[in-house]
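# Summary of the model geometry
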Amino acid sequence: MVKIIDKPMAINPLKKSSLMGAVTAFLGMHRVMPLVHGAQGCMAFTKNFLTQHYREVTPMQSTAVFDIATIIGDDSNLHEGIKNVIDKQKPDFIGLVTTGMTEVRGDDIKGSLIRFREKYPEYASTPVVPVSCPDFKGDAETGYAAACAATLSQFITPEVRRDYKTRKMVNILAGMHLTAGDIDWLRRVFEAFGLDVIVFPDLSSSMGGQVNHFYGLPEEGTSADMIKNMAHADFSIVIGGSMEASADILLERCTVPYKKFDTLTGLEASDEFISWLMDYTGKQAPNWLRIQRQRAVDALLDGHFSFGGKTFSIAGEPDLIYGLGRFFTKELGIRLETAVTTARSGKFENLPAENIIMGDLDDLEEFSKDSDFIVASSNAIPMCHRVHKPLYKAGYPIKDYLGHFHRTFIGYYGAMQLAFDIGNICMTLDIEKSGH
Amino acid sequence: MRLAIQQLTEEPGCDHNQKKTAEQKKEACKKPTPGATAGGCAFDGAQIVLLPVADVAHIIHGPITCCGQSYNNRGTRTTAGNLHQYGMTTDMSELDIVFGGEKKLKASVRHVAAKFKPKAIFIYSTCVTAMTGEDIHTVAKEMTEELGMQVIPVDSPGFSGSKNLGNKFAGNALFEHVIGTKEPESIPMFPINLIGEYNIAGELYQVQPLFDELGITLFSKMTGNAAYEELCHAHRSKLSVVICSRALISIARQLDEKYGIPYFEGSFYGMGETKRTLMSIAEQMGSDLLKRKVEELTARKEKETYERLAPYLPKMKGKKVLVYTGGVKSWSVLKQLEEMGMEVIKSSTRKSTEEDIARILNYFEGNEDGLMPKGDGKTLLKYMKEYDADLFLAGGRNMYNAMKGQVPFVDVNQERHFAFAGYEGSVVLAQKICATLESPVFQLVKKPAPWEVSFG
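This is a predicted model, so every value here is computed, not measured. (Residues numbered from 1 in each chain as written. Chains lettered and ligands numbered in written order. Predicted model: local features only at pLDDT ≥ 70, side-chain atom pairs only at ≥ 80, totals over all residues. Heavy atoms only, no water.)

Turning next to the overall build of chain B. In terms of helices and strands, chain B carries 22 helices and 13 strands. Taken over the C-alpha trace, chain B has a radius of gyration of 23 Å; the compact-globule value for 456 residues is 23 Å, and the two agree within 12%. Considered along the principal axes of its C-alpha atoms, chain B spans approximately 80 × 65 × 45 Å. Burial status across chain B gives 61% buried among its 456 residues. (Helix = DSSP H or I, 4+ residues; strand = E, 2+ residues; numbered from the N terminus. Rg over C-alpha atoms; globule rule 2.2 N^0.38 Å. Buried < 20%, exposed > 50% of the residue type's maximum accessible area, 1.4 Å probe, protein only.)

Okay, here's the thing in structure tokens:
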């Protein structure tokens, strides 16, 4: 049962707006400029937020809607913004992200884009993908998923021709909760089963630190050509429920079938995934994967002495807390006191939490009195200081901490890593409790 | 509110406005270019000024972006409370927008008043709530009566302008609703207002001991480490010292006009500036005793500081720096670096007043090549290379640009954890500069990978 706390406001919001999610998705695409249509702050706050999270250059721009005249609504800011971005940066395409402000005034974005095309035919070669992101609706995960779906809607047409391929190709529709470490692991697994993959979007390559020079547009990531090629993949896998709409577009327009994995975190989820891969390819799992599983099993055994009897609470977007919450409760045997989340989209019926709350970090503080540790983003640091509880960092943003984006939370390797991390927190608590 | 915005953009205290024609004044502070802009909005600016007041609650009336992506993100330090760590917002939903959010705002004010028992509550309007015509002034008035606690409206829709204009909105809210609303129990000998200092990374803590030793009381600090009560007393100070020149000059001017409190611009970046600022205070106070004390204190501190700087100075001597920061720092940091024997090759003029620019020019002995307008990461890195600069000094936004260019970097903006003010700050800055200049990392990363080395 999802509980709503009777409170008129948000205190220490957990929710990030859909525009932040949409911008994040576009950062995972090659030479795409996210252009936020709104006042400067919407972009500036988001840029600051994502720069601290990824510790990378995060290209994005704003139409800088300014003053009453533009608010009452002509196209000039939007058109000038698009023109300037194309003139200065020459992106492969523009991800046009609206904001609460432009949605409230009822901007007709599609209409405005049509007028732009009529007025400025010289800019015709740069596609613009509009995504509606009113920040009074949805959360970062829905914005991320909407940007992915909007991009596919624009580039995937039923007519694309199927190339001759020697190997099967799979689309990985990567949810917002995945890290570079997660995506690396997936690539290695698919490679081992003889499959080519297109990861969409691919933040691991654009925001993972492998670009060693200055860039004005995201580099690496999924390119427009790769996106078009997704139409002739043999299969799609969806990681995280929020990405299902993208898979549906590929299914409906190009008959690419898909399988959805709500999570790949934990031993069982990993087993299910590898079983599917073995069935799909008819191949055996490689030796390194078997070793990773054995190590995960060993880590669970080593850690279990301190997992039992512990309680935790977690806060985050639905896909994130579903995966971690399920692993910690069902496989590690830690009691879940409270899960706080930002949208109703998750598979919460499978999450054995005592409280599931649509709320904020203030609710987490209120409803985690029995918890031994907290799992949340760095915004929970002040709260954890107040209640003297350890924080295991997960979600957005992770600031003041290096390397989070390169940790692995999925698959056998992720299960091992998480068992160690959580085991260390629990063991430290045990040692402290016993008085050293 | 439209009127208030117009007045603030024509701020006569802004010296760059005094020289403008009536037509230019209407242009407001510089308009951003769509598709080629980097700065924050007016709401951001308002929050920067007021959020350091940590014994009052700050409720942002708007949808989630304004608070959800911005809270818990400034390096301000305080001993007055912990409410600056809280993000509070009405988190407007679609229904709230359709049916109006004033009821929700009132309920939020009641909730926060009961839960946190703050000294006062600031309520901020944002783009969406300003557009839908939410009347935060009436809400504030009604709630002040209902709760017997000051509820203060801050008009700060992001679309109304830049961060700088938002600073002025905040100053306006303080002047209209806070300053002069209470009388202090007693007034010390040398009470001053410190305006535009936000105690980033604890910079105020570095200069506070100097004031203590001189017997000067920071009577009203706006707003680093400020308690609400002291803001109410600002009208009883004898002098205002404005630290971040462009941001809050309006408050200083209004204090002068209404209460006859004179003001001047000061800075604590560098020993020379620190001394100049302290000496100006002593002069304005008209106390010879205070002047002598400033002479003694600054001479002693300079001697101590040069001793502490001794191991670092040879390493910094003649090294070339590119400075990209705003406002008061764009010139005062130059002097601080000069004191350490470094050579600034260029400094930015964004967010700088005419007077700031004149000071930068003065540093470069009139050579306009030293001035650098707004530049993106690519341009800045180009300058670094062109001038063979050794160090890049800028805000956090440029930190990763610098790392992509693999150049030594020191962060001088609001999210940093190191304080660079006063005498102590000069030592810390020297340590940070040397640490990055001497880091083996920069040599190592330039080493080619094995596959980039050609054999034979």
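A word on the overall build of chain A. Along the backbone of chain A there are 17 helices and 15 strands. Relative to a compact globule of 436 residues, whose C-alpha radius of gyration would be 22 Å, chain A shows 22 Å and is just as compact. Expressed as lengths along the three principal axes of its C-alpha atoms, the size of chain A is roughly 75 × 55 × 40 Å. Counting across all 436 residues of chain A, residues that qualify as buried make up 64%. Considering only contacts within chain A whose residues lie at least 6 apart along the sequence, 72% involve residues at least 24 apart. By element, 51% of the accessible surface of chain A is carried by carbon and sulfur atoms, the whole surface being about 15700 Å². If the 44 positive side-chain charges of chain A are averaged to one point and the 54 negative ones to another, these points end up 2 Å apart. (Contact = heavy atoms within 4.5 Å. Areas by Shrake-Rupley, 256 points an atom, 1.4 Å probe, with all protein chains shown as cover. Lys, Arg positive; Asp, Glu negative; His and termini not counted. Charge placed at Lys NZ, Arg CZ, Asp CG, Glu CD.)

Right, let's talk about the interface of chain B and chain A for a bit. Counting residues at the interface gives 66 residues for chain B and 66 residues for chain A. Taken together, the two surfaces of chain B and chain A that pack against each other cover about 5300 Å², and 60% of this comes from carbon and sulfur. Contact with chain A buries surface across chain B, with Gln69(B), Tyr400(B) and Lys404(B) losing the most and accounting together for 15% of the total. The tally of links from chain B across to chain A stands at five salt bridges. One salt bridge in this structure joins Glu94(B) and Lys137(A), with 3.8 Å as the shortest N-O distance. (Buried area = accessible area lost by both parts, 1.4 Å probe. Salt bridge = Lys/Arg side-chain N within 4 Å of Asp/Glu carboxyl O.)

Another point: the domain arrangement of chain A. Residue and element names in this part refer to chain A. Looking at the assigned domains, one finds that chain A contains domain 1 (18-143), domain 2 (169-287) and domain 3 (292-434). Between domain 1 and domain 3, the C-alpha centre-to-centre distance is 35 Å. Facing the eleven residues of domain 1 at the interface are 15 residues of domain 3. Summing the contributions of domain 1 and of domain 3, the shared interface buries around 1100 Å²; its carbon and sulfur component is 59%. At the surface where domain 1 touches domain 3, the tally comes to zero salt bridges. Seen at the junction of domain 1 and domain 3, the total is four residue pairs in polar contact (both at pLDDT 80 or more). Put simply, the parts of the chain that give the side of domain 1 that touches domain 3 at least two residues each are helix H1 (18-27), helix H2 (40-54) and helix H7 (140-155). (Domains from an automatic or database assignment. Polar contact = N/O pair within 3.5 Å; in protein donor to acceptor, adjacent residues only side chain to side chain.)

This part takes up the packing of aromatic side chains. Tallied over the entire structure, the rule returns 24 aromatic pairs over all chains. Seen in terms of ring centroids, Phe261(A) and Phe273(A) are 5.3 Å apart; in terms of plane orientation they differ by 90 degrees. Their pairing is edge-to-face. Of this pair, Phe261(A) sits in strand S10 (residues 258-261) while Phe273(A) sits in helix H12 (residues 267-281), placing them twelve residues apart in sequence. By relative accessible area, Phe261(A) is classed as buried at 2%. With a relative accessible area of 0%, Phe273(A) lands in the buried category. Consider the rings of Phe392(B) and Phe409(B), whose centres lie 5.6 Å apart with planes at 85 degrees: the pair is edge-to-face. (Phe/Tyr/Trp six-rings, centres within 6.5 Å; stacked < 30°, edge-to-face > 60°.)

When two helices pack together, their arrangement is given by the angle between their axes and by how far apart the axes lie. Residues and elements named next belong to chain B. Between helix H7 (residues 102-116) and helix H9 (residues 136-147), the least distance of the axes is 10 Å, while the angle of their chain directions is 35 degrees. Note on packing geometry: the crossing formed by H7 with H9 is right-handed. Across the interface between the two elements, Glu102, Leu105, Lys106, Val109, Arg110 and Ala113 of H7 pack against Ile136, Val139, Glu142, Met143, Glu146 and Leu147 of H9. Here the contact of H7 with H9 is composed, by residue class, of seven nonpolar, no polar and five charged. (Axes fitted to C-alpha atoms, helices over the stretch in contact; angles between N-to-C directions. Left-handed = near helix turned anticlockwise from the far one by under 90°. Nonpolar A, V, L, I, M, F, W, Y, C, P; charged D, E, K, R; others polar.)

As a further point, take the side chain of Thr144(B). Residues and elements named next belong to chain B. Along the chain, the position of Thr144 falls in helix H9. Taking the relative accessible area as the measure of exposure, Thr144 reaches 19% and is therefore buried. Within the local environment of Thr144, its side chain forms a polar contact with the backbone oxygen of Ala140, the two atoms lying 2.6 Å apart.

A few words on the nonpolar core. Residues and elements named next belong to chain A. In terms of nonpolar packing, the biggest core is built from 61 residues, with Leu186, Phe190, Ile237, Phe273, Ile274 and Ile422 touching the most fellow members. In terms of residue count, the dominant contributor to this core is helix H17 (residues 411-433) (nine residues). Both domains that meet at this core, namely domain 2 (169-287) and domain 3 (292-434), each give it at least three residues. When near neighbours in sequence (up to four residues on either side) are disregarded, Phe273 contacts Trp185, Leu186, Val189, Phe190, Ile237, Phe261 and Leu264. (Core = buried A, V, L, I, M, F, W, Y, C linked by side-chain atoms within 4.5 Å.)

Next up on the list: the pairing of S10(A). Across four bridges, strand S9 (residues 235-239) of chain A lies against S10(A) in parallel orientation. Along S10(A), the bridge assignment pairs Ile239(A) with Phe261(A). (Pairing = 2+ DSSP bridges.)

All names here are of chain B. Each assigned domain of chain B is listed here: domain 1 (5-13 + 39-175), domain 2 (191-307) and domain 3 (311-445). Of the residues lining the interface, 29 residues belong to domain 2; the matching set on domain 3 comes to 31 residues. In total, about 2200 Å² of surface goes out of reach between domain 2 and domain 3, with carbon and sulfur atoms giving 60% of it. It is Gln206, Arg246 and Tyr269 that lose the most area in domain 2 upon contact with domain 3, and together they represent 28% of the buried surface on that side. Counting across the interface, domain 2 meets domain 3 through three salt bridges. Between domain 2 and domain 3 we count eleven residue pairs in polar contact (both at pLDDT 80 or more) in total. Secondary-structure elements contributing two or more residues to the side of domain 2 that touches domain 3 are helix H11 (203-214), helix H14 (271-285) and helix H15 (288-309). By residue class, the composition of the side of domain 2 that touches domain 3 is ten nonpolar, ten polar and nine charged.

For the rest of this paragraph, the subject is the pattern of salt bridges. With the rule as written, the count across this model stands at 41 salt bridges over all chains. The salt bridge involving Lys260(A) is made with Glu244(A); its shortest N-O contact spans 3.1 Å. In this pair, Lys260(A) is assigned in strand S10 and Glu244(A) in helix H11 (residues 244-254), connecting sequence segments 16 residues apart. Note on Glu244(A): relative accessible area 25%, which makes it partly exposed. For Lys104(B), the salt bridge is made with Asp96(B), and the minimal N-O distance between the two is 2.7 Å. Neither residue differs from the other here; Lys104(B) and Asp96(B) are each classed as buried.

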